[in-house]
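Observations on the model geometry
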Amino acid sequence: MILDELRSKALVCTACSLSERRTNVVFGEGDPRSPLVLVGEGPGDNEDKTGRPFVGRAGQLLDKALVEAGLSREMVYICNTVKCRAADWSTGKPQNRPPTDEETLACRQWLIPQLGLIAPKVILCVGAPSAKNLIKKNFLITKERGLYFPCEYAKTAMAALHPSYILRQQRPDSDGGFGLLVQDIERAWQAAQKLAEKDAQH
Ligand code: URA
């Protein structure tokens, strides 16, 4: 199967109840031949409206971090743990929430083959839900971000702070962890490049 076929199937998915309220399935975008894939948490309002990952406030901060790390969105592939927006609708005004274990599990039918087709050298999990899904269940984001872990779906995986978390932590005297995000992207990219070069020699 090719990535476009997988995308077409994902676009009509009804495997979990997130499909009932979504506007768009946010499958992923970027360079599918990149050695580095970023996997976020899930679409928010802007992503649901546009069908594109990381295009809201958090996405703008991620773009800024990529640029500071010497990269651009086009050089990596970006997708999410779940492809449909997870929100609490009980108050009338939808509030984004982390995906449940059931939603995450249901969406692995898209994420795992997606990673299999791209076959990245390095996966950078952006935020805790992604690291818990792809690295280990009990991942501790503030303690274990920036470290390399074995991963079934790439040569290695690392996690970084989520830009939404960084936005909540930012103060006049603190970057909220933005520098760490830039550093983790830089290191993940360097590792991905090295692994790609090594493979090209064989
Ligand atoms: N946050 C995410 O984790 N992913 C997106 O696509 C947007 C915001």
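Just so you know, these numbers come straight off a predicted model, no measurement behind them.

Concerning the pairing of strand 7 (residues 156–160)
Of all 5 residues in strand 7, 5 are buried, a share of seventy percent or more. Of the two faces of strand 7, both are covered, the one formed by Thr 156, Met 158 and Ala 160 as well as the one formed by Ala 157 and Ala 159. Relative to strand 7, strand 6 (residues 122–126) is paired through 5 bridges, and the arrangement is parallel. From the neighbouring strand, Cys 125 faces strand 7, where its bridge partner is Ala 159.

Details of the sheet that holds strand 1 (residues 29–30)
The 5 strands lie next to each other as 1-3-2-6-7, forming an open sheet whose pairing is mixed. The sheet terminates laterally at strand 1 and strand 7, the two strands that pair on one side only. The pairing of strand 2 (residues 36–40) with strand 3 (residues 77–80) spans 4 bridges and is parallel. Each bridged residue has a counterpart across the sheet, and for Val 37 the counterpart in strand 3 is Tyr 77.

Focus on the packing of aromatic side chains
Aromatic ring pairs are defined here through the distance separating the ring centres and the angle between the ring planes. All told, the structure shown has 1 aromatic pair when counted by the stated rule. Ring plane angle 65° and centroid distance 5.3 Å describe the contact between Phe 139 and Phe 149, whose orientation is recorded as edge-to-face. In this pair, Phe 139 sits in the loop between helix 6 (128–134) and helix 7 (141–144) while Phe 149 sits in the loop between helix 7 and strand 7, placing the two residues 10 residues apart along the sequence. Comparing Phe 139 with Phe 149, the two get one shared label, buried. One residue, Lys 64, lies across the ring of Phe 178, its end atom 5.0 Å from the ring centre. Sitting over the ring of Phe 27, Lys 83 keeps its end group 5.8 Å from the ring centre.

Concerning helix 1 (residues 3–10)
Listing the buried residues of helix 1 in full gives Leu 3, Leu 6 and Ala 10. Along the axis of helix 1, the buried positions cluster into a sector of 60°, meaning they face one direction only. Elements that come into contact with the buried residues of helix 1 comprise strand 3 and helix 5 (101–118).

As for the pattern of salt bridges
Oppositely charged side chains can pair when the atoms bearing their charge come close. Going through the model one piece at a time under the given rule, you end up with 11 salt bridges. Between Arg 73 and Glu 29 there is a salt bridge, with its nearest N and O atoms 3.1 Å apart. Taken together, the residues Arg 73 in the loop between helix 4 (57–68) and strand 3 and Glu 29 in strand 1 connect sequence positions 44 residues apart. For Arg 73, a relative accessible area of 11% gives the class buried.

A word on the packing of helix 4 against helix 9 (residues 178–201)
Taken N-terminus to C-terminus, the directions of helix 4 and helix 9 make an angle of 55°; their axes are 8 Å apart at the nearest point. When the axes of helix 4 and helix 9 are compared, the pair comes out oblique. For the element pair helix 4 and helix 9, the recorded crossing hand is right-handed. Seen from helix 4, the contacting residues are Leu 61, Leu 62, Lys 64, Ala 65, Leu 66 and Glu 68; seen from helix 9, they are Phe 178, Leu 181, Val 182, Ile 185 and Glu 186. Split into classes, the residues belonging to the contact of helix 4 with helix 9 amount to 8 nonpolar, no polar and 3 charged.

Focus: the nonpolar core
Counting residues in each nonpolar core, the largest one holds 55 residues, and the members touching the most others are Leu 36, Leu 38, Ile 123 and Ile 185. If one sorts the elements of this core by residue count, helix 9 sits on top with 9 residues. Leaving out residues up to four positions away in the same chain, Leu 38 has contacts with Leu 62, Leu 66, Val 76, Tyr 77, Ile 78, Cys 79, Leu 124 and Val 126.

Side note on the state of the cysteines
Scanning the entire structure with this criterion turns up 0 disulfides. No disulfide involves Cys 79; its sulfur sits 9.6 Å from that of Cys 107, the nearest cysteine.

Reading guide: rules and limits
- Residues numbered from 1 in each chain as written.
- Predicted model: local features only at pLDDT ≥ 70, side-chain atom pairs only at ≥ 80, totals over all residues.
- Heavy atoms only, no water.
- Buried < 20%, exposed > 50% of the residue type's maximum accessible area, 1.4 Å probe, protein only.
- Helix = DSSP H or I, 4+ residues; strand = E, 2+ residues; numbered from the N terminus.
- Pairing = 2+ DSSP bridges.
- Phe/Tyr/Trp six-rings, centres within 6.5 Å; stacked < 30°, edge-to-face > 60°.
- Lys NZ or Arg CZ within 6 Å of the ring centre and 35° of its normal.
- Arc of directions from axis to C-beta.
- Contact = heavy atoms within 4.5 Å.
- Salt bridge = Lys/Arg side-chain N within 4 Å of Asp/Glu carboxyl O.
- Axes fitted to C-alpha atoms, helices over the stretch in contact; angles between N-to-C directions.
- Parallel < 35°, antiparallel > 145°, perpendicular 65-115°, else oblique.
- Left-handed = near helix turned anticlockwise from the far one by under 90°.
- Nonpolar A, V, L, I, M, F, W, Y, C, P; charged D, E, K, R; others polar.
- Core = buried A, V, L, I, M, F, W, Y, C linked by side-chain atoms within 4.5 Å.
- Disulfide = S-S within 2.5 Å.

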